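One letter stands for each residue in the lines below.
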2 protein chains.
Amino acid sequence: MKRATIPVLTGLMLMTTFTPLHGDEGMWLLNNLPEKYLKETYDFTPTDDWVEHIQKSSVRFSNGGSASFISPNGLVMTNHHVGSDLIQSLSSKESNYMHDGFLAKSPADELKCEGLELNVLMEIRPVTDEVKGVVKPGMSDAEAAAARRAKIAEIETKAGDATGLKPQVVTLYRGARYDLYLYKRYTDVRLVMAPEHGIGFFGGDIDNFGYPRYNLDVAFFRAYEDGKPAKTPHYLKWSEAGISEGDLIFISGHPGSTRRLYTVAHLEFMRDTWLPLVLESYNQREVALQQLAASGAEQARIAAEDMLIIQNGRKAFGGMLAGLLDERVMNMKRAEEARLRGTPKADDAWGRLESALKKIETNYAEHFLLANRRTGLSELYSAAVHLVRSANQRKLPDGERFPEYQDASLPSLELRLFAETPIHDELEQLRLEDGITRVARILGGDHAIAKTLLGGIDPETRAANLLAGTKLRDIAERRRIYEGGLDAINASDDPMIQLAKAMEAYAIPARKHYEDTFESVETGAYADIADARFEKYGEKVYPDATFTLRLSIGTVKGYDLGGEHVDPFTNISGAFQHAEAHDHRDPFALPERWMKRRGKLNGSVPFNFVTTNDIIGGNSGSPMMNRKGELIGIVFDGNIQSLVWDFQFDDRVARSVGVDARAIIEALRSVYEADQLVGEILGGKTLAAAH
Amino acid sequence: MKRATIPVLTGLMLMTTFTPLHGDEGMWLLNNLPEKYLKETYDFTPTDDWVEHIQKSSVRFSNGGSASFISPNGLVMTNHHVGSDLIQSLSSKESNYMHDGFLAKSPADELKCEGLELNVLMEIRPVTDEVKGVVKPGMSDAEAAAARRAKIAEIETKAGDATGLKPQVVTLYRGARYDLYLYKRYTDVRLVMAPEHGIGFFGGDIDNFGYPRYNLDVAFFRAYEDGKPAKTPHYLKWSEAGISEGDLIFISGHPGSTRRLYTVAHLEFMRDTWLPLVLESYNQREVALQQLAASGAEQARIAAEDMLIIQNGRKAFGGMLAGLLDERVMNMKRAEEARLRGTPKADDAWGRLESALKKIETNYAEHFLLANRRTGLSELYSAAVHLVRSANQRKLPDGERFPEYQDASLPSLELRLFAETPIHDELEQLRLEDGITRVARILGGDHAIAKTLLGGIDPETRAANLLAGTKLRDIAERRRIYEGGLDAINASDDPMIQLAKAMEAYAIPARKHYEDTFESVETGAYADIADARFEKYGEKVYPDATFTLRLSIGTVKGYDLGGEHVDPFTNISGAFQHAEAHDHRDPFALPERWMKRRGKLNGSVPFNFVTTNDIIGGNSGSPMMNRKGELIGIVFDGNIQSLVWDFQFDDRVARSVGVDARAIIEALRSVYEADQLVGEILGGKTLAAAH
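Just so you know, these numbers come straight off a predicted model, no measurement behind them. (Residues numbered from 1 in each chain as written. Chains lettered and ligands numbered in written order. Predicted model: local features only at pLDDT ≥ 70, side-chain atom pairs only at ≥ 80, totals over all residues. Heavy atoms only, no water.)

Caption draft 1: Quick look at the pairing of strand β21 (residues 656-660) of chain B. Residue and element names in this part refer to chain B. The buried fraction of β21 is high, at five of five residues. Two elements, strand β18 (residues 606-611) and β21, share four bridges in a ladder whose sense is antiparallel. Note that in β21 the partner of Thr611 across the bridge is Ser656. Of the strand pairs in this sheet, strand β20 (residues 631-638) and β21 are connected by five bridges, and their pairing is antiparallel. Bridge assignment links Ile634 to a residue of β21, and that residue is Val659. (Buried < 20%, exposed > 50% of the residue type's maximum accessible area, 1.4 Å probe, protein only. Helix = DSSP H or I, 4+ residues; strand = E, 2+ residues; numbered from the N terminus. Pairing = 2+ DSSP bridges.)

Now the structure itself:
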């Protein structure tokens, strides 16, 4: 409920007549950087070595975030909020690392994270011709999609076998280009250090997507190989000089998804069909979590991670909806679209997409409810679905499976499915009860899917019965069923397995229907629209985000809002002032350790700062670097005005928000006395700024 | 998120074969009490004097609650949560009576409540024949409804003029009977005493609808006439003896609405269409209020009253939905219905209702959004709507107006419209922004109603602009426009008035459409269904609740749940134990005054208790009496199992929850040192129990 207004984008219309890009806009592919823009605007030329170094220092977290290596011994830095589900899993009522923070005194004390996988991009190979080549004239959209899917599976399996790396064919420009990405996988990852959640997420939901900020949103992990710290020759060195307003900043990370190439009809579908379902689900879940958290301290602890995810999503998606409800924004998108249309090929693509959207609109709620993850039914139910679905999918030829069940993806699936993460019954009950109620609320109590979920009784009792009867808390039982395949599924009397089996009868046809009537059309149509863009603007346009490695460009820069100037930097003193201004009332209470060691901290050290770099969710934890490729900060947020970046970039008041590298060192030294960690990070350097 | 289960009602099916009533079921009309049941079950015969005394001691709060006179000098007792919007209005940042409580040292210190009206039922006159007599053969449902409405307006105006009382023709049995109720109005009402919200609503949202409980949910007001305490010869005397398990208890109050006579099709409509909209609205608003409240102490204060209403509604409606999703409950309703059906007249009524429901289903969201109150747009917008609508309505003949704008209702409307209650801009912004967003989310961004509300910009800016431009904070300006009528409306450039005017173009046709296609059919059909019930079960069936005076019958009685026995009484010590068990964590922190004076309190005094009396929302604040008509407690809640009472009574585990009168005296004496108030209440009596 920020009082700041969503930016008015109409002023940009004139600027966009001759180029589709605004200022530093762009989530650039590492094999297609905007060299000309960099040269002309910043007098900077990235060398091949510079690019390779950044690429191989960048790390992807399988739970949806970004990170970087910051020492030759596998030390990884990401955000506290990227690591928080792992920190939460490692915590218990007795050792609450989320609340109290954690610091390993030595490597032996580092805590193994279950179910986590880190990926480092080693190589990119273009495969557009191979993938597109399998589509023959006369094929329907669905047939073309099936042919592409089979080809992609074949490319991935071959590359995986040949290199030992994790292969992923990435669909770029929504279908105009395909690249094969090859990743090194790290599956032994351990927690090294995390500050208290109270400073990692200081200001909580209220300050989230706000600025000025004062967050130490960092956590440190270490990648291991063969039981020893991994050797990581490519890592980012800490900048000695720090940064100032106006400096050129690079961000290398994994933006999750954007919809900047969406047509107006597709944005309207988002606004009127998808976002309402998302927000309704998030609101219902948030209210349920608030009740659980208020019922006791331990309940608050176990609800904390779900709450973070839900509140963050509610705010992000709420900001998107507000942007899409603004006619000034939509009119700008309409104008952009009008400039691209006009050729028969492009116009036909727009028409196909619009009619495909109409086709899925009617039953979209079913697809949404059957497919969605974050407000899903429960950990145990999700395990049951994976067991049932993987048993069915593994019977099929590799190229006919859903991508997440193809041979190349099974190791990652198994890592998650067999992870020994804590299951909290009260939280599982909430998720199930809330999830079942939501389905019945949206589809109606007589809908077959609702009836299957309810099983003839009320949601609360149904959830309790499922949880009382299932044996899937036991990882050995999951393994037994997974290895037993379809026979084990069919023989199981586990109520969660039986429910998942019954739900597959709705989920699989709904997914296939969605893929055939919409996704296959979407890919073809957007490929044609992308071609129209290439023709008009050349190849130097960037594709929508795909949770793969991108480089973004920007500068440290304040902004004016409501007649006031917002300085790009905050400092450590500001955190204490912010806490005082809110009477140290939750979520503005600083951790005890900070209050105690206030006198030791240098209050003038820069804490958080804003830049014009183009980012989106998934970029959290991305390293921020100077021209030399040295680390100067870490991305953790965008301000509220940046929420429209999902479908429209604008850098007049929208900003990325980072933690200044200097504050990280200051806090590690003065608050956490983590001298060994600081030594590893700095490698003998001393820092200049503000000391 | 109570873990207790919704009761399984299937066991009742056998019991209900020969009577529609279960045990103490019934919200009885004071002119149609179940004398036979009272005599046979409790050996009790209510005399005319007994009934008249209770009727004239019972008080209705215009904000939706019940109360009673408890002294001859106009002293009124209700729940803290019934009085809380008034306490909130009287509070400020400096004098936060909600948080700190309030006690008037003398009558001169009593605080005048703005916009509040108390009603006392003085007389009931049957007018069924008069109202039904205007319906002529061949009239359409809509014509019949219009004729009835005109007749009702005529009856009310005539009775109001003749008696000086406030007239209300009450539709009973959903249209089978009509009675004219005549009320004495009190419009000068002052706050005498309120405890801290922390003990009035101890356990907050978590314990709400729970049991065991420990709430001092009481507040005291005084009715004034001509600037002096009103003379109220009918008032309830405090019981000296107190009560024990098994005692007969009467509750006299104003249950708001029940749907026990609803057909199965109508319940399915509730489940699949109405409740989903309600809950989505409540969840969205609750999430917005949580954010406002978390942003600062003063914001938490101004959000408190909206939060109470929304959280209470979310829990109540959520419980209803859970009950309706339970096939066991629905099957029971189906069986009941099957027993009533079979005559051509009744079957025809069911058919008419079902097809009318189908007709409104499609555009129901529009009607809902245009008509709903609690998650409405804002105080100032609501004032604008009243100004615009009353200007239009007052141009019409009395009998053609909406009931709330008929001459008999205007004094109550004016009392609210011109009340000097505080307007908080942050809260108004939240309500407007949230309300506009909700409409757009549910109807879609291109819907005409959404577009009118948005005015071409985003919801946040739109709300801010409306609030910046309106002059309706000024009561003199409201009066000027109200008195200026349509001319003043048309001349106004107030953006809130202009928005309300634009919205009337949708609201009025939607309401008329709803009334003509549904409400008029509903009234006729339910009247026929009620006749079928009268034929089968005789006249001793009670009508659905209508926020008019009813008497309910029950006994103090514990219950068994999940293998454990729940004792009917808690005591004062239990409150302290409950706080300790939750580490005194909000909402389980007892007020400072309670902690300090713990040693002075007699911990063994009964605090809260449960009975089998049949109540529903609106009964809050109802006096609970023994056979002698003496006050022994005050209703403030039902347990979670009672939420299905909305459409189905059951008294195996569902219970009403009250504050024991003995705890009220104990707290007033030992915690609040309110000796003068205690003296007025007891009138020289001494209490026996537990002292």
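Further notes follow.
Caption draft 2: Structural view of the relation of the copies chain A and chain B. Once turned by 180 degrees and shifted 0.0 Å along the axis, chain A lies on chain B with an RMSD of 0.0 Å. The superposition of one copy onto the other is thereby described by a two-fold rotation axis. Minimal C-alpha separation from the rotation axis in chain A is found for Asn283 of chain A, amounting to 2.8 Å. A high fraction, 98%, of the interface residues of chain A reappear at the interface in chain B, so the copies pair face to face through one surface. (Least-squares fit on C-alpha atoms with pLDDT ≥ 70 in both. Contact = heavy atoms within 4.5 Å.)

Caption draft 3: Here's a closer look at the interface of chain A and chain B. In this complex, chain A contributes 56 residues to the contact, which on the side of chain B involves 55 residues. Carbon and sulfur atoms supply 54% of the area buried between chain A and chain B, which totals about 4600 Å² over both sides. Across the chain A-chain B interface, the total number found is six salt bridges. One salt bridge connects Asp458 of chain A with Arg328 of chain B, and the closest N-O pair in it is separated by 3.1 Å. Linking chain A to chain B there are 12 residue pairs in polar contact (both at pLDDT 80 or more). Of all the secondary structure elements, the ones that give two or more residues to the side of chain A that touches chain B are α8 (204-207), α9 (264-294), α10 (297-324), α11 (327-340), α16 (425-443), α17 (448-454) and α18 (459-469) of chain A. If you tally residues by element for the side of chain A that touches chain B, the top one is α9 of chain A, at 15 residues. Its residues assigned to classes, the side of chain A that touches chain B shows 22 nonpolar, 14 polar and 20 charged. (Buried area = accessible area lost by both parts, 1.4 Å probe. Salt bridge = Lys/Arg side-chain N within 4 Å of Asp/Glu carboxyl O. Polar contact = N/O pair within 3.5 Å; in protein donor to acceptor, adjacent residues only side chain to side chain. Nonpolar A, V, L, I, M, F, W, Y, C, P; charged D, E, K, R; others polar.)

Caption draft 4: Examining the side chain of Ser520 of chain B more closely. All names here are of chain B. Along the polypeptide, Ser520 turns up in helix α20 (residues 495-537). Given a relative accessible area of 3%, Ser520 falls into the buried group. In contact with Ser520, not counting residues within four places along its chain, are Asp141, Ala142, Ala145, Arg148 and Glu515.

Caption draft 5: Broad picture of the environment of Ser252 of chain A. All names here are of chain A. As for its position among the elements, Ser252 is in strand β13 (residues 248-253). When its relative accessible area of 1% is taken as the criterion, Ser252 is described as buried. Sequence-distant contacts of Ser252, defined by excluding residues within four places in its chain, comprise Ile54, Ser58, Leu549, Arg550, Leu551, Ser622, Pro623 and Met625. Among the polar contacts listed, one links the side chain of Ser252 to the side chain of Ser58, at a separation of 2.4 Å.

Caption draft 6: Examining the environment of Gly198 of chain A more closely. Residue and element names in this part refer to chain A. Mapped onto the elements, Gly198 comes out in helix α7 (residues 197-200). Along the sequence, Gly198 and Pro46 sit 152 residues apart, while their C-alpha atoms lie 39 Å from each other. What Gly198 contacts, discounting residues up to four positions off in sequence, is Ala589 and Pro591.

Caption draft 7: Representation of the packing of aromatic side chains within the structure. For the structure shown, the criterion picks out 46 aromatic pairs over all chains. Seen from their ring centres, Phe61 of chain A and Phe221 of chain A are 5.5 Å apart, and the 70 degrees between their planes marks the pair as edge-to-face. Of the two residues, Phe61 of chain A sits in strand β2 (residues 58-61) while Phe221 of chain A sits in strand β11 (residues 219-225), which places them 160 residues apart along the sequence. Each of the two residues, Phe61 of chain A as well as Phe221 of chain A, counts as buried. Taken together, a centroid distance of 5.6 Å and an interplanar angle of 40 degrees make the contact between Tyr514 of chain A and Phe518 of chain A tilted. In this pair, Tyr514 of chain A and Phe518 of chain A are both assigned in helix α20 (residues 495-537), four residues apart and thus about one turn of the helix distant. For Tyr514 of chain A, a relative accessible area of 13% corresponds to the buried category. Taking NZ or CZ as reference, Arg60 of chain B lies 4.4 Å from the ring centre of Tyr183 of chain B, over its face. Positioned above the aromatic ring of Tyr482 of chain B, the side-chain terminus of Arg394 of chain B is 4.0 Å from the ring centre. (Phe/Tyr/Trp six-rings, centres within 6.5 Å; stacked < 30°, edge-to-face > 60°. Lys NZ or Arg CZ within 6 Å of the ring centre and 35° of its normal.)

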